[in-house]
Amino acid sequence: MKQLTKAEEEIMQHLWNLKEANVASLIEEIPEPKPAYNTVSTIIRILESKKFVTHRKKGKGYIYMPLVKKEEYSGQSLTKLMNGYFNGSFGNLVSFFVKKNEMSVQDLEEILKNINQEEK
């Protein structure tokens, strides 16, 4: 799967939240300063060429929908981060975030509890 630029990822985040949208709806979701219509339209076309987005015709315009699920992309991005900065070790990744965020034992126990519940 291809990596997205920061601008592409921002548009995808909004599209994932909206499920489907036209360019004007996407622009409404973006905080100030809002990008130009042509900028968002160009990014959407790039996302289509990367196979992240598809569209259907509606009136004179298009409605865009994500082809790639957010969980799929975030999992791939996390794996790339882990391989690039933590020697492919999930333990090193978690240890780094625990130390940086000064997590308590209670926080870690809560995370483990959530993981164990999801496995059932």
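Here is a short report on the structure shown in this document. Quick caveat, the model's predicted, so the values are computed rather than measured. (Residues numbered from 1 in each chain as written. Predicted model: local features only at pLDDT ≥ 70, side-chain atom pairs only at ≥ 80, totals over all residues. Heavy atoms only, no water.)

1. Structural notes on the overall build of the chain
Scanning the chain for helices and strands turns up 6 helices and 2 strands. Along the chain direction, N to C, the helices and strands of the chain fall in the order α-α-α-β-β-α-α-α. The globule rule puts the C-alpha radius of gyration for 120 residues at 14 Å, and the 18 Å found for the chain is more than 25% above it. Taken along its principal axes, the extent of the C-alpha atoms in the chain is 55 × 30 × 30 Å. Within the span of the chain, comprising 120 residues, buried residues form 24% of the whole. Of all intrachain contacts in the chain linking residues separated by at least 6 positions in sequence, the fraction that spans at least 24 positions is 47%. Taking the 18 positively charged and 16 negatively charged side chains of the chain as two groups, their mean positions are separated by 8 Å. (Helix = DSSP H or I, 4+ residues; strand = E, 2+ residues; numbered from the N terminus. Rg over C-alpha atoms; globule rule 2.2 N^0.38 Å. Buried < 20%, exposed > 50% of the residue type's maximum accessible area, 1.4 Å probe, protein only. Contact = heavy atoms within 4.5 Å. Lys, Arg positive; Asp, Glu negative; His and termini not counted. Charge placed at Lys NZ, Arg CZ, Asp CG, Glu CD.)

2. Overview of the pairing of strand β2 (residues 61–66)
As paired strands, strand β1 (residues 53–58) and β2 are joined by 6 bridges and run antiparallel to one another. Along β2, the bridge assignment pairs V53 with P66. In this structure, the hairpin formed by β1 and β2 is closed by a connection of 2 residues, where G59 is found at a positive phi of approximately 65 degrees. (Pairing = 2+ DSSP bridges.)

As far as function goes, none of this settles anything; it's purely spatial.
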